[in-house]
Every structure is written in structure tokens, then in C-alpha cells.
Amino acid sequence: MRFSIRQVAAAAALVTAAVTVQAQGLKAEVIHWWTSGGESAAMREFAEAFKAAGGTWIDNAIAGSEAARATVVNRIVGGNPSTAAQFNISKQFHDLIEEGLLSDLDEVARKEGWDRMLPAPIISSVKVKGHYYAVPVNIHMIGWFWYSKEAFQKAGIQREPQDIDEFFAALDKLKAAGYVPLALGGQPWQEKITFDTLLANVGGKDLFLKVYRDADAKAVNSPEFKRVLSLFKRMRDYVDAGSAGRNWNDATAMVISGKAGVQIMGDWAKGEFAGARLTPGKEYGCFPGLGEKSPYIITGDVFVFPKSKDPNVVKAQQTLATLMTSPATQVAFNNKKGSIPIRTDVDSSKMDVCAQAGIRIMKDPSRHLPNAEMLVTPDVNGALQDVITKYWNTNQSVDDAARAFAAALQG
């Protein structure tokens, strides 16, 4: 069922009225790593919703996702947890669940109908042994291609590439026209996103799952996987010398400023374009993979709530969980974050063309593909990042990289 804007507004008013009573006098310290311009603007939507309900929001933004997660875990173990904390849709927080350190959110999940509303890959991450332990706040896709319309036009690129051969042809044209063809931040996680995007789009959904879900050594040593490795290494020819260590949003800025032609990055990059007052379909373009049926590699963000015996903290947590998933907040937040809502019952008419494309794709479960971090443990994911980074930055052979990748998958 889809609600009209008027119905969403009415529902939002009821939610706000209900939680205002709950939130009055409550405080919520929220740890997160959203520090770029677009990310900060999105986070303020949650903060303002909590403040509007009568609560006091204590923002604790920590630069870098790993540093933020380490702070969260150290605080929990040290007996001084925050009210809420950000993680990715992944297995990053599953150890905390196993240790009994997180509150379940079953009450909110029942009220909001999460079992009916959420895509299966997300449920598999946030629902463990029959209980919900995290609030999903958005759906991102890691493998979007962002490009400068002006750069494509000046380079003579007639259409968005539909396969890997057309993509490399476009990069060649951008290079000949004087652009940095591919804007890449040379950090391990960004290199891994680029590799995973190629694996899904060139290797295909089945190979992706055999590798990450099944840890199939034969799949990793197959000609198909090695071809992906070769194509990935080929992309180094299109990256500028300043790539090493560059932040993702600085790579996005290269496309925004007209220095670079394309960036492969999750749809959080859209928040940077919005911050620069650029309009998708006008100054920049977006396509979610190579070809009409390309896999949609699902990821996103969640907030977890450390266990507490303080009834006021528990009340604040329940209020936050309700507000973060309410229809009005979902639309406002995701419009600024660049992602799409977790809810299927919101009015998407006010969302941009990229978001609407993502919402349409999410209606086709056959294109859903869980990202690698939803399929492997954080330790294995870290080891795989190391393998990809070494391969990208050295003269390591394809065969040696495949062997290293297969070994890392085994833990």
C-alpha cells in the first residue's frame, strides 16, 4: 500500500504527537561517523525529529567508521555506553548480540511491520535468532556510477555504458578529452567497493554469491573470477597520481568540479552533489550498474541500542527507533543522505531521479544482492580488503591474487 503525501503528513503528525510525550526530558547521545557535508545534513534530520519531540540530542560524530565503531565497543565494554550507535548493515555488530550487550527492538518492529516492510537481505542482517537488534534507516547501493554530464558530452560519449567494454571505451574518451577518467579515493574500502562492483556486474550475481556466501575456492580460482581481477587492475590506467589516501567525498568533488569524468561509489555520494546544488539528470548523471538487469548491491546503515537498566535510557531508545523509521523522517533523511527509505509505504514523488530508480529496482527481488559485509565476518572482510589493496598497489600477478583471496576467505 502507498500513502499519499496528505496521509503521510497526517501519520507523521500522529507519530510526533505520540513520541513527544515519550521524549520530553529525555537525552540521547548518538555516536556516528557522518562528518561530510551531505552526511551531516542528513543526520540533522534525526536530531531535529528527536528535538521536536521534546528530547535532547547529544551528537557525537567521530571521523572514520572504524574509529567510531571502536569507540562504541570500548564504551559498551567499559560500562559507559552511548544511547545509540551507528553500524553498517553487516555482521559488524553481531558479536555484541552474541555477548548480550544490545537491546532488542521487537516492540518497535511489530508496530512498524518490519517483517513485511524490509527486504530479505536487510532482515537477515538485523534480525538474529528471531529478534531485531538494529534499526535500519536507509538502503544504499554501493555500485552506482556517477558522472559529469559536461565531461561525457565534451568527450563524445553518447550514452551511459551498458557493459564493461563500453565502460572502458568511455574512460578512453574521457582520458583523450583531458579529464581524469576515474575519480578514486585510494583507501582499502574504496578499492574493495570498486572491485565488488566489477565482480557483481562482470562476474555476475551467482559468482558473487559463490565467492562471498559460499567461500568457494573453485569459484575464486575460476577464469571468470580471474577475468574480474584483470579488469580491476586495468582500471589503474584511468586513475590520477593523487588517488592514494584520498577521501571518498574528495573524489566526488573531482566529478562535481569537472576535473574527473566518473566515480564508482555508493549513493551516499549524491549528498555531496546535492550540497553543491547540482541536480541529477541535469549537471550529473547516475546509473546503478552496467546494463538494465545489473545486480543491486544492497547495503545501508543501522543504529543499535546498548542494553541499559535506566528506564529513561530505554525510553529514549524506543523513541529514537520509532522516529528514525517514521515515514516523514525517512523521506527527509534519505533525501539528504542520497539513499532510499527502508519503508515501502512512503510517497517517493518528491525524491530525485536516482532515488526513484533505486526504489523501482528494489521492487524486483531478482536484482537484490547482499553486499560482501553481510556475507562474511568483519575479520574476513578486513583480510579481503588487504588482499585487494595489495593487488591494486603492487605488481602482484592475477594468479597470486586469486590464491591470496581464496586463503583470506577461509579466515
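Residues numbered from 1 in each chain as written. Predicted model: local features only at pLDDT ≥ 70, side-chain atom pairs only at ≥ 80, totals over all residues. Heavy atoms only, no water.

This part takes up the overall build of the protein chain. A count of helices and strands for the protein chain gives 20 helices and 14 strands. Over its C-alpha atoms the protein chain spans a radius of gyration of 21 Å, differing by no more than 12% from the 22 Å that the globule rule assigns to 411 residues. Across its three principal axes, the protein chain shows a C-alpha extent of roughly 60 × 45 × 35 Å. For the protein chain, with 411 residues in total, the buried portion stands at 57%. Pairs at least 24 apart in sequence give 78% of the contacts found in the protein chain among residues at least 6 apart. Here the protein chain displays about 17100 Å² of accessible surface, and carbon together with sulfur accounts for 50% of that area. Taken as two groups, the 46 positive and 44 negative side-chain charges of the protein chain have centres that lie 3 Å from each other. (Helix = DSSP H or I, 4+ residues; strand = E, 2+ residues; numbered from the N terminus. Rg over C-alpha atoms; globule rule 2.2 N^0.38 Å. Buried < 20%, exposed > 50% of the residue type's maximum accessible area, 1.4 Å probe, protein only. Contact = heavy atoms within 4.5 Å. Areas by Shrake-Rupley, 256 points an atom, 1.4 Å probe, with all protein chains shown as cover. Lys, Arg positive; Asp, Glu negative; His and termini not counted. Charge placed at Lys NZ, Arg CZ, Asp CG, Glu CD.)

What follows deals with the sheet that holds strand β2 (residues 56–61). With respect to topology, five strands assemble into an open sheet ordered β2-β1-β3-β13-β6, the strand pairing being mixed. The open sheet has two edge strands, β2 and β6 (135–136), and neither has a second partner. The sheet contact formed by strand β3 (residues 84–88) and strand β13 (residues 301–304) spans four bridges and is antiparallel. Among the inter-strand pairings, N88 is bridged to a residue of β13, identified as D301. Contacts from helix α2 (residues 37–52) reach β1 (27–32), β2 and β13, with the element oriented near 160 degrees to β2. Lying over the sheet, helix α16 (residues 311–324) contacts β1, β2, β3, β6 and β13, oriented at roughly 60 degrees with respect to β1. (Pairing = 2+ DSSP bridges. Axes fitted to C-alpha atoms, helices over the stretch in contact; angles between N-to-C directions.)

Attention shifts here to the nonpolar core. Core analysis: the largest hydrophobic core is formed by 136 residues, its most contacted members being F195, Y212 and F405. The contact partners of Y212, leaving out residues within four places of it in the chain, are K192, F195, D196, L199, A372, L375, V376, L384, F405 and L409. (Core = buried A, V, L, I, M, F, W, Y, C linked by side-chain atoms within 4.5 Å.)

Let us now look at the side chain of K337. The topology assignment puts K337 in helix α17 (residues 327–337). Notably, K337 is buried but unbridged: the nearest opposite-charge side chain belongs to D301, and the N-O separation is 4.1 Å. Apart from residues lying up to four places away in sequence, K337 is in contact with W34, E39, A42, N138, H140, D267, W268, G271 and D301. (Salt bridge = Lys/Arg side-chain N within 4 Å of Asp/Glu carboxyl O.)

Positionally, N201 belongs in helix α10 (residues 188–203). A polar contact of 2.8 Å, which involves the side chain of N201, links it to the backbone oxygen of T197. Within the local environment of N201, its side chain forms a polar contact with the backbone nitrogen of L290, the two atoms lying 2.8 Å apart. Residues contacting N201, with those up to four places away along its chain left out, are G289, L290 and S294. (Polar contact = N/O pair within 3.5 Å; in protein donor to acceptor, adjacent residues only side chain to side chain.)

A few words now on the pairing of strand β11 (residues 284–287). Regular strands place side chains that alternate from one sheet face to the opposite one. Neither face of β11 is exposed, since Y284 and C286 on one face and G285 and F287 on the opposite face are all buried. Bridge count for strand β8 (residues 144–148) against β11 is four bridges, and the pairing is antiparallel. Note that in β11 the partner of F145 across the bridge is F287.

Okay, the confidence of the model for the protein chain next. Within the protein chain, residue pLDDT values average 91, and 94% of them lie at 70 or more. Ignoring residues within four places in sequence, the model shows residues 1–18, a span with pLDDT below 50, making 20 contacts including any to other chains. (pLDDT = per-residue confidence, 0-100.)

Of all 10 residues in helix α18 (residues 353–362), seven are buried, a share of seventy percent or more. All of the buried residues along α18 are C354, A355, A357, G358, I359, I361 and M362. Against β8, α15 (270–275), β11, β12 (296–299) and β14 (368–370) lie the buried residues of α18. The N-capping residue of α18, defined by a side-chain oxygen 2.8 Å from the backbone nitrogen of C354, is D352.

The next thing to look at is the environment of V353. Within the element layout of this structure, V353 appears in helix α18. It is 6.7 Å that separates the C-alpha atoms of V353 and P280, two residues lying 73 residues apart in sequence. With residues up to four places along the chain from it excluded, the contact list for V353 reads P280 and G281.

A side chain with one charge may pair with a side chain of the opposite charge, provided their charged atoms come close. Summed over the entire model, instances satisfying the criterion amount to 16 salt bridges. Notably, a salt bridge pairs R75 with E29, separated by 2.6 Å at the nearest N-O pair. Here E29 lies in strand β1 and R75 lies in helix α3 (residues 65–77), a separation of 46 residues in the sequence. Here R75 and E29 have matching classes, each one buried. Its salt-bridge partner being D115, residue K127 comes within 3.1 Å of it at the nearest N-O pair. One end of the pair, K127, is in strand β4 (residues 127–128); the other, D115, is in helix α6 (residues 114–117), and 12 residues separate them in sequence.

Any aromatic ring pair is given by two values, namely how distant the centres are and how the planes are angled relative to each other. Scanning all chains against the criterion turns up 26 aromatic pairs. Between F195 and F225, the aromatic rings sit 5.8 Å apart at their centres with planes inclined by 70 degrees, giving edge-to-face as the arrangement. With F195 in helix α10 and F225 in helix α13 (residues 223–234), this pair connects stretches of sequence that are 30 residues apart. For the pair F195 and F225, one class covers both residues: buried. Each member of the aromatic cluster is reached from another via a ring pair, and the members are F195, F208, Y212, F225, F232, Y391, W392 and F405. (Phe/Tyr/Trp six-rings, centres within 6.5 Å; stacked < 30°, edge-to-face > 60°.)

Strand order in this open sheet of four strands is β9-β10-β8-β11, and the pairing throughout is mixed. One side of each edge strand has no neighbouring strand; the edge strands of this open sheet are β9 (180–182) and β11. Here the strands of the sheet are splayed against their neighbours by 20 degrees on average, with no regard to which way each runs. Taken together, the two bridges between β9 and strand β10 (residues 260–265) define a ladder with parallel strand orientation. Following the sheet pairing, V180 is matched in β10 by A260.

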